[in-house]
Amino acid sequence: PGQLALTLLAVATVGGDRHISSQALETLLRRVGDVTAFVGAKESLHLLRAWCLLSAEFPPRIVTSLLSTVAMMPRTMLSESEDNALHQVALSLTLEPAASEALQAAQSAGAGSVWEHCWQPEEVVGERTGREESSDVGPWVRSFIEEEAKASLTDWRGFQGGPLS
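What counts as what
Residues numbered from 1 in each chain as written. Predicted model: local features only at pLDDT ≥ 70, side-chain atom pairs only at ≥ 80, totals over all residues. Heavy atoms only, no water. Helix = DSSP H or I, 4+ residues; strand = E, 2+ residues; numbered from the N terminus. Buried < 20%, exposed > 50% of the residue type's maximum accessible area, 1.4 Å probe, protein only. Contact = heavy atoms within 4.5 Å. Areas by Shrake-Rupley, 256 points an atom, 1.4 Å probe, with all protein chains shown as cover. Phe/Tyr/Trp six-rings, centres within 6.5 Å; stacked < 30°, edge-to-face > 60°. Axes fitted to C-alpha atoms, helices over the stretch in contact; angles between N-to-C directions. Parallel < 35°, antiparallel > 145°, perpendicular 65-115°, else oblique. Left-handed = near helix turned anticlockwise from the far one by under 90°. Nonpolar A, V, L, I, M, F, W, Y, C, P; charged D, E, K, R; others polar. pLDDT = per-residue confidence, 0-100. Expected span 1.5 Å × (residues − 1).

Bringing the overall build of the protein chain into the picture now. Along the protein chain, the regular secondary structure elements total eight helices and zero strands. For the protein chain, the N- to C-terminal ordering of α and β elements is α-α-α-α-α-α-α-α. When each of the 165 residues of the protein chain is scored for burial, the buried share is 35%. For the protein chain, restricting intrachain contacts to residue pairs at least 6 apart in sequence, the fraction spanning at least 24 positions comes to 68%. As displayed, the protein chain offers around 10400 Å² of accessible surface, 55% of which is attributable to carbon and sulfur atoms.

If you trace the backbone, Ala 12 turns up in helix α1 (residues 2-13). Taking the C-alpha atoms as reference points, Ala 12 and Arg 49, 37 residues apart in sequence, are found 9.0 Å from one another. In this structure, Ala 12 is in contact with Leu 53 and Leu 54, ignoring residues within four places of it in sequence.

It is worth spelling out the packing of aromatic side chains at this point. This model, assessed by the stated rule, comprises one aromatic pair. With centroids separated by 6.0 Å and ring planes inclined at 10°, the aromatic side chains of Trp 115 and Trp 119 adopt a geometry described as stacked.

Turning next to the packing of helix α3 (residues 41-54) against helix α5 (residues 80-95). Put simply, α3 and α5 touch, their axes get as near as 9 Å, and they point 45° apart. It follows from the interaxial angle that α3 and α5 lie oblique. Between α3 and α5 the crossing geometry is left-handed. Side by side, α3 and α5 meet where Lys 42, Leu 45, His 46, Leu 48, Arg 49 and Cys 52 of the first sit next to Glu 82, Ala 85, Leu 86, Val 89 and Ser 92 of the second.

Direction vectors running N to C along helix α4 (residues 60-71) and α5 enclose 150°, while the axes themselves pass 13 Å from each other. Relative to α5, the element α4 is oriented roughly antiparallel. In this structure, the crossing between α4 and α5 has a hand that is left-handed. Only Leu 86, Val 89 and Leu 93 of α5 make contact with α4, whose side of the interface consists of Val 63, Leu 67 and Val 70. A per-class count over the contact of α4 with α5 returns six nonpolar, no polar and no charged.

Model confidence for the protein chain is summarised by a mean pLDDT of 76, while 70% of its residues fall at 70 or above. When pLDDT is averaged over each element of the protein chain, helix α6 (residues 100-108) comes out on top at 93 and helix α8 (residues 138-152) at the bottom at 49. This model gives residues 131-142 a pLDDT under 50, and the stretch forms three contacts once residues within four places in sequence are excluded. Overall, residues 151-165 carries pLDDT values under 50, and its contacts beyond four positions in sequence, including any with other chains, amount to seven contacts.

Between its first and last C-alpha, α5 extends 22 Å over 16 residues, near the 22 Å set by a 1.5 Å rise per residue. Taken together, the buried positions of α5 are Glu 82, Asp 83, Ala 85, Leu 86, His 87, Val 89, Ala 90, Ser 92 and Leu 93. Where α5 is buried, its residues contact α3, α4, α6 and α7 (113-118).

Here it is, written out as structure tokens:
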């Protein structure tokens, strides 16, 4: 199962159907349905993420099974990128018209607890909460750009250039 998740993520990363035959892709996606009972939470998340990137179909049984496995792991155990990946999967299920049946199945799984675990838009890492001012980021960004500009003025012998003006 782990290799399947990595393979699907690799295929999705390099452009999916442009680099693999449709028959091979269908075989890989069909294999996901065969292994859902044997994967851990992180593998399930990787499979879901790849599935959302590669497939136009969202079989409710497979999606619900994988989401249920992901929901067994506390969100605090997920890395920042994994948490964001789970949010992307939830968004795909919410926004893709082809995923409506899978979304309904996920929302009713575990008396709604599976979906509640996976759909937490207010907890997405890196998104603004509305309490921050846009100017809070400005000075840090300006400082970073100034430091990078100064560093780029230093050539390989250590010569420090003068002011830009």
